[in-house]
Amino acid sequence: MEPGLRFGRPQRGDMVELPMGNGHEIFQFANHVARGRWFSLFASFLIMAGAGATYLFGTYSKEIKASLGYDQTTLNLLGFFKDLGANVGVFSGLIAEVTPTWFVLLVGAAMNFTGYFMIWLSVVGKIPKPKVWHMCICICLGANSQNFANTGALVTSVRNFPESRGNMIGLLKGFTGLSGAIMTQLYLAVYGNDSKSLILLIAWLPAAVSVIFVYTIREMRVVKQPNQLRVFYYCLAIAIVLALFLMVMTLVDKAVAFSHAAYVGTATVACALLFLPLLVFIREELDVFRRKNLPIDPPRIATEDPKVVLEKEDNSTTLEIKKDDTNSKCVWFTDIFFNKPERGEDYSILQALLSTDMLILFLATFCGLGTSLTAVDNLGQIGESLGYPTTTIKSFVSLLSIWNFFGRIFSGFVSETLLVKYKFPRPLMMTLVLLLSCIGLLLIAFPFPGSVYVASVIIGFSFGAQLPLLFSIISELFGLKYYSTLFNCGQLASPLGSYILNVKVTGPLYDRQALKELAKKGLTRSSVKELTCIGNQCYRQAFVILASVAFFGALASMTLVARTRNFYKGDIYKKFREQAEATEAEMASTNINRIH
């Protein structure tokens, strides 16, 4: 018998010791970590932390506007195509249905680099001034890469941890919400205070991260782990510390002029906190590795007859085959519109998209994310119109990014806790978030000294909270079988709302007010290169309209609450627990046979 490894009948509470003293065992453990669910989740954290470049549009949009001589309507058109690319993820979802995850991530990396690198070349004058539609294509292409990161990392992680999907989505989208502040710290450390170089960093860094971890992220068998929730709370604590650090640095940077060395120091600390979850995951994988080599819960294993395990597997296989046979008939009109599965079962793509529940979600998303995206895209110009300096405007963007993170974390973890303990439906949480958004929009419509700080916090929080709720609701109502396509389809209302509310409402109203200001000065549009409006009235009418639309979205969400109240009163995770227990029993039976 090898030293350090104890066989025989283990007692409950025994510590399992493994021979970790030579290179072979260390290599085995390292391979186990690299191929495990937790390291895949860590890689997903890093990819999602680089997938929020679209939220930095308010920082570098001023450079695009000044370098290329755009008016606000043209800049808002670019913002629409950015939102269109960021939210039309059906293409990435359909690709993920027929190709492996590594291919999805590589396509996203290529699109990210190509789109943003061309924008950087245009802004710095390395190429001739492009036409507006060229810029629209580039920013749409770069922003669309975010969907490939979402599909590759988020969908895979949800399938690997289905019982904790609220926590999972909250964490992953939370890191995306933090990415704006993280990228800001990195570009200040690498390039200094140069917004044009920020575009270059956005081009190469997220693409490089996806390429490095391209083979790490993949679907794995779900195994029951009793302390799984505790691990997620460790990650939550680390993420909150990272967010608080970034927020403090943002506020201190506003009050104190940082040297380049100070920026390098803050970026180093931010990266260290970003990598800290890896230590938590290695510890968890060590526990999994030990249990894999020697079962430590013999009473449970003794009562689990291998024949029963096989019978469970056969039954689950039979049920799955029957389910597939049912879905194969969904081409018929009656099956698509009338003979739909129960809520929580696997809908086909057409069944889900043409359901009343999805249409209500679409309307609520149109109102909620459409108004929030409009506010985010105009935040830089809002600060300018109210007379704030450039450094303060960047603080607004960073604060919005950080509170975007807190909104995602809050809606993910709190909604999951309320759902499991009190059967509190997620659509009701969505309603409350949309009502909160109305307050932030009205603070911009009727500003007072310092109100933009408060508005940035509220809008960032409510905007971030909507996405995990939307993705969780879709997975709960329509199942996980076609989740990679359905969750991307769920975002389609967002660019439509952004186009109508931003390009057709907010931009023209701003330009109309700016022309009035020019006329008062006796000037015309041709006499100025950049059309700018200064004053409290610049965004008042537009944001009163946005607040009204957000309130209507809250009413639509309340309708979904009424429709799904019975569904959320039940146990929506029961089947996933049963699957995980069956897998655990199978693994335990295999280990017993191997040992004896």
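Residues numbered from 1 in each chain as written. Predicted model: local features only at pLDDT ≥ 70, side-chain atom pairs only at ≥ 80, totals over all residues. Heavy atoms only, no water.

1. A word on the overall build of the chain
Turning to step 1, where the next piece is worked out: When helices and strands are counted, the chain shows 25 helices and zero strands.
Turning to step 2, where the next piece is worked out: Every one of the 596 residues in the chain was classed for burial, and the buried ones make up 57%.
Turning to step 3, where the next piece is worked out: Put simply, 83% of the contacts in the chain that link residues at least 6 apart link residues at least 24 apart.
Turning to step 4, where the next piece is worked out: Surface summary for the chain: the accessible area is close to 24600 Å², and the carbon and sulfur share equals 65%. (Helix = DSSP H or I, 4+ residues; strand = E, 2+ residues; numbered from the N terminus. Buried < 20%, exposed > 50% of the residue type's maximum accessible area, 1.4 Å probe, protein only. Contact = heavy atoms within 4.5 Å. Areas by Shrake-Rupley, 256 points an atom, 1.4 Å probe, with all protein chains shown as cover.)

2. What about the packing of helix α20 (residues 426-445) against helix α24 (residues 540-569)?
Turning to step 1, where the next piece is worked out: It is at 7 Å that the axes of α20 and α24 come closest, and there the two elements cross at 170°. Relative to α24, the element α20 is oriented roughly antiparallel. (Axes fitted to C-alpha atoms, helices over the stretch in contact; angles between N-to-C directions. Parallel < 35°, antiparallel > 145°, perpendicular 65-115°, else oblique.)

3. Notes on the packing of helix α8 (residues 165-191) against helix α11 (residues 260-275)
Turning to step 1, where the next piece is worked out: Direction vectors running N to C along α8 and α11 enclose 145°, while the axes themselves pass 7 Å from each other. In the crossing of α8 with α11, the sense of the turn from one axis to the other is left-handed. Only His260, Tyr263, Val264, Thr266, Ala267, Cys271 and Leu274 of α11 make contact with α8, whose side of the interface consists of Phe175, Ile182, Gln185, Leu186, Leu188, Ala189 and Val190.
Turning to step 2, where the next piece is worked out: A breakdown of the residues in the contact of α8 with α11 according to their chemical character gives 11 nonpolar, three polar and no charged. (Left-handed = near helix turned anticlockwise from the far one by under 90°. Nonpolar A, V, L, I, M, F, W, Y, C, P; charged D, E, K, R; others polar.)

4. A short note on the pattern of salt bridges
Turning to step 1, where the next piece is worked out: Scanning the model with the defined rule gives seven salt bridges in all.
Turning to step 2, where the next piece is worked out: The partner of Arg159 in a salt bridge is Glu219, with the nearest N and O atoms 2.9 Å apart. Placement of Arg159 in helix α7 (residues 132-160) and of Glu219 in the loop between α9 (195-212) and α10 (228-255) is noted, with a sequence separation of 60 residues between them.
Turning to step 3, where the next piece is worked out: Close ionic contact of Arg426 with Glu476 constitutes a salt bridge, the shortest N to O distance being 2.6 Å. With Arg426 in helix α20 and Glu476 in helix α21 (residues 451-478), the pair connects residues that are 50 residues apart, well separated along the chain. (Salt bridge = Lys/Arg side-chain N within 4 Å of Asp/Glu carboxyl O.)

5. Some words on the nonpolar core
Turning to step 1, where the next piece is worked out: Residues Tyr60, Ile64, Tyr483 and Phe543 are the most contacted members of the largest nonpolar core, which totals 161 residues.
Turning to step 2, where the next piece is worked out: If you tally residues by element for this core, the top one is α21, at 15 residues.
Turning to step 3, where the next piece is worked out: Domain assignment of the residues forming this core places at least three in each of domain 1 (28-292) and domain 2 (346-595).
Turning to step 4, where the next piece is worked out: Look past the residues within four positions of Phe543 in its chain and what remains in contact with it is Ala375, Ile382, Leu441, Ile444 and Ala445. (Core = buried A, V, L, I, M, F, W, Y, C linked by side-chain atoms within 4.5 Å. Domains from an automatic or database assignment.)

6. A few points about the confidence of the model for the chain
Turning to step 1, where the next piece is worked out: Per-residue confidence for the chain averages 80 on the pLDDT scale, and 83% of its residues sit at or above 70.
Turning to step 2, where the next piece is worked out: Across residues 1-19, where pLDDT falls below 50, the model places 25 contacts with residues more than four positions away in sequence or in other chains.
Turning to step 3, where the next piece is worked out: pLDDT under 50 marks residues 295-332. Its contacts with residues more than four places away, or in other chains, come to 34 contacts. (pLDDT = per-residue confidence, 0-100.)

7. Topic: the state of the cysteines
Turning to step 1, where the next piece is worked out: For the structure shown, the criterion picks out one disulfide.
Turning to step 2, where the next piece is worked out: Here Cys533 engages in a disulfide with Cys538; their sulfurs sit 2.0 Å apart. Between Cys533 and Cys538, the S-S dihedral sits near -85°, and the bridge is therefore left-handed. The pair formed by Cys533 and Cys538 is uniform in burial state, with each residue classed as buried. (Disulfide = S-S within 2.5 Å.)

8. Some thoughts on the packing of aromatic side chains
Turning to step 1, where the next piece is worked out: By the definition in use, this model includes 30 aromatic pairs.
Turning to step 2, where the next piece is worked out: The interplanar angle of 45° and the centroid separation of 5.9 Å between the aromatic rings of Phe45 and Phe281 together place this pair among those described as tilted. Of this pair, Phe45 sits in helix α2 (residues 37-49) while Phe281 sits in helix α12 (residues 277-293); the two residues are 236 residues apart in sequence, bridging distant segments of the chain. For the pair formed by Phe45 and Phe281, the shared burial category is buried.
Turning to step 3, where the next piece is worked out: Here a set of aromatic residues connected by ring pairs shows up, and it is made of Trp38, Phe45, Phe161, Phe175, Phe232 and Phe281. (Phe/Tyr/Trp six-rings, centres within 6.5 Å; stacked < 30°, edge-to-face > 60°.)

9. Side note on unusual backbone geometry
Turning to step 1, where the next piece is worked out: The phi dihedral of Lys423 is positive, around 55°, even though this residue is not glycine.
Turning to step 2, where the next piece is worked out: Among the secondary structure elements, Lys423 is positioned in the loop between α19 (390-422) and α20.
Turning to step 3, where the next piece is worked out: Given the relative accessible area of 33%, Lys423 is considered partly exposed.

10. Here's the deal with the side chain of Glu284
Turning to step 1, where the next piece is worked out: For Glu284, the location among the structural elements is in helix α12.
Turning to step 2, where the next piece is worked out: Of the side chains bearing the opposite charge, Arg230 lies closest to the buried Glu284, which forms no salt bridge; the N-O distance is 5.0 Å.
Turning to step 3, where the next piece is worked out: Each residue touching Glu284, except ones within four places of it in the same chain, is listed here: Trp38, Gln225, Asn227 and Val231. (Lys, Arg positive; Asp, Glu negative; His and termini not counted.)

11. Observations regarding helix α4 (residues 72-87)
Turning to step 1, where the next piece is worked out: For α4, which comprises 16 residues, the first-to-last C-alpha distance of 22 Å matches the rise-based estimate of 22 Å (1.5 Å per residue) to within 8%.
Turning to step 2, where the next piece is worked out: The inward-facing, buried residues of α4 abut α3 (57-68), α7, α17 (356-377), α18 (379-385), α22 (483-489) and α23 (493-520). (Expected span 1.5 Å × (residues − 1).)

12. Regarding empty space enclosed by the protein
Turning to step 1, where the next piece is worked out: Under the counting rule described, the total for this entry stands at four cavities of 30 Å³ or more.
Turning to step 2, where the next piece is worked out: Looking at the largest cavity, its volume works out to about 170 Å³.
Turning to step 3, where the next piece is worked out: Around the largest cavity, the lining comprises 22 residues; the ones closest to its centre are Gly50, Ala51, Asn112, Ser145 and Pro206.
Turning to step 4, where the next piece is worked out: Elements that contribute at least two residues to the lining of the largest cavity include exactly α2, α6 (101-123), α7 and α9.
Turning to step 5, where the next piece is worked out: Element by element, the count of residues in the lining of the largest cavity is highest for α7, at six residues. (1 Å grid on protein atoms, 1.4 Å probe; cavity = no way out; pocket = protein on both sides within 12 Å on 5 of 7 lines; lining within 4 Å. Points joined across faces, edges and corners; volume = space filled by probe spheres on them.)

13. A short note on a nonpolar patch on the surface
Turning to step 1, where the next piece is worked out: Taken together, the side chains of Leu363, Leu432, Leu435, Phe551, Phe552 and Leu555 make up a nonpolar region of the molecular surface, amounting to roughly 530 Å² of accessible area.
Turning to step 2, where the next piece is worked out: Of all the elements in the fold, those that place two or more residues in the nonpolar patch are α20 and α24.
Turning to step 3, where the next piece is worked out: The element that contributes the greatest number of residues to the nonpolar patch is α24, accounting for three residues.
Turning to step 4, where the next piece is worked out: Within the secondary structure, Leu432 is located in helix α20.
Turning to step 5, where the next piece is worked out: We classify Leu432 as partly exposed; its relative accessible area is 47%. (Patch = residues over 30% accessible without salt bridge, like charges linked within 9 Å, V, L, I, M, F, W, Y side chains within 5 Å.)

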